[in-house]
Amino acid sequence: MGGPSAEREVSLSSGQACAAALRGEGFEVIEVDAGPDLCSVLAELKPDAVLNCLHGRWGEDGCVQGLLEWIGMPYSHSGVLSSALALDKQRSKAAFTAAGLPTVPSILVPSAEVRSRHVMPPPYVVKPNNEGSSVGIYLVHEDSNGPPQLAADMPEQVMVEAFAPGRELTTTVLGDRALTVTDILTDGWYDYDAKYKPGGSRHVVPADVPPQIFDLCMDYALRAHRALRCRGVSRTDFRWDESKGTDGLILLETNTQPGMTATSLTPEQAQACGMSFGQLCAWMVEDASCDR
């Protein structure tokens, strides 16, 4: 848990919550804040399995997965290739399109160009191509006076994506089955605070949507999981424009390391399906392997 990414604090919360849950299930747990000495630390500890609670770059993009494959240590969640593919938003969208899944148009553009002009007609969204948890996201409204003034710490190249209006829906895949659909209700943009601060958003589980939309979310999430060759747990996010019916359901992205905090969506969906948080964590540990 932890690590050096922009999502360090969320990862620490996920790790602490999972550790407590696993101890409640009878596991012996050692919490490791992942640093440059991670390989030597793990070699000394010699755990039976690693529950990967890292989020964002290095922990979610195939890097730590490659290290664990190299030292032959069983780990949870997706492998090297699928992790790298899923965190690269533009490449994962290409995989979704090839699998016949609906996405919105997007381009990769130098940040300097995004600051100087509208690179596509508003409304659009600007985001890093390889971060999660709504880190560094800019929503440019239709009536915006000018291009977004991106922060200095944004990457040199960013993803610019047509804005998909509508309700925020999400579905978790556990192994080879989709769990359920959550409708995420917020007062505004579903940003970092809405995701992680208590009261930042309300979750309706299962989502009160038409059966065909519910079934499509379940189908699309499973197909996205398979298109990226994910393993273990993943969570796929959608936008649904009610005015367009089934044509209004758009796949945004798939998360290979969903959050495991007190406000997180995946544990909530597992609970709705009769699986406690402890049972979910135990399932992930028991699913751990190499060659993922």
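The paragraphs below set out a description of the structure included in this document. (Residues numbered from 1 in each chain as written. Predicted model: local features only at pLDDT ≥ 70, side-chain atom pairs only at ≥ 80, totals over all residues. Heavy atoms only, no water.)

### Structural notes on the nonpolar core
- In terms of nonpolar packing, the biggest core is built from 25 residues, with L169, V181, V209, C217, F238 and L249 touching the most fellow members.
- Elements with a minimum of two residues in this core: α5 (89–98), β5 (167–174), β6 (177–185), α8 (211–227), β8 (233–240) and β9 (249–255).
- At nine residues, α8 tops the list of elements feeding residues into this core.
- Look past the residues within four positions of V209 in its chain and what remains in contact with it is R167, L169, F214 and W240.
- In terms of nonpolar packing, the next biggest core, distinct from the first, is built from 19 residues, C18, A21, L22 and M284 among them. (Core = buried A, V, L, I, M, F, W, Y, C linked by side-chain atoms within 4.5 Å. Buried < 20%, exposed > 50% of the residue type's maximum accessible area, 1.4 Å probe, protein only. Helix = DSSP H or I, 4+ residues; strand = E, 2+ residues; numbered from the N terminus. Contact = heavy atoms within 4.5 Å.)

### What to know about the pattern of salt bridges
- Under the defined criterion, the tally for this structure stands at 12 salt bridges.
- Here R91 makes a salt bridge to D88, at a shortest N to O gap of 2.8 Å.
- In this structure, R167 engages D183 in a salt bridge whose closest nitrogen and oxygen atoms are separated by 2.5 Å. Here D183 lies in strand β6 and R167 lies in strand β5, a separation of 16 residues in the sequence.
- Among the residues examined, D183 registers a relative accessible area of 4% and is labelled buried.
- Members of the salt-bridge network, linked through shared partners, are K93, K127 and E161. (Salt bridge = Lys/Arg side-chain N within 4 Å of Asp/Glu carboxyl O.)

### A word on the sheet that holds strand β4 (residues 157–162)
- Spatially, four strands are ordered β1-β4-β2-β3 in an open sheet, and the strand pairing comes out antiparallel. Both edges of this open sheet fall to β1 (106–110) and β3 (138–140), since each of them pairs with a single strand only. Mean inter-strand twist for the sheet, computed between neighbouring axes without regard to direction, equals 25°. (Pairing = 2+ DSSP bridges. Axes fitted to C-alpha atoms, helices over the stretch in contact; angles between N-to-C directions.)

### Some thoughts on the layout of surface pockets
- Of the volumes computed, that of the largest pocket is approximately 690 Å³.
- Together, 27 residues line the largest pocket, and I30, P47, A49, V50 and L51 are the ones closest to its centre.
- Those elements giving two or more residues to the lining of the largest pocket turn out to be α1 (8–24), α2 (38–45) and α3 (63–71).
- It is α1 that contributes the most residues to the lining of the largest pocket, four residues altogether. (1 Å grid on protein atoms, 1.4 Å probe; cavity = no way out; pocket = protein on both sides within 12 Å on 5 of 7 lines; lining within 4 Å. Points joined across faces, edges and corners; volume = space filled by probe spheres on them.)

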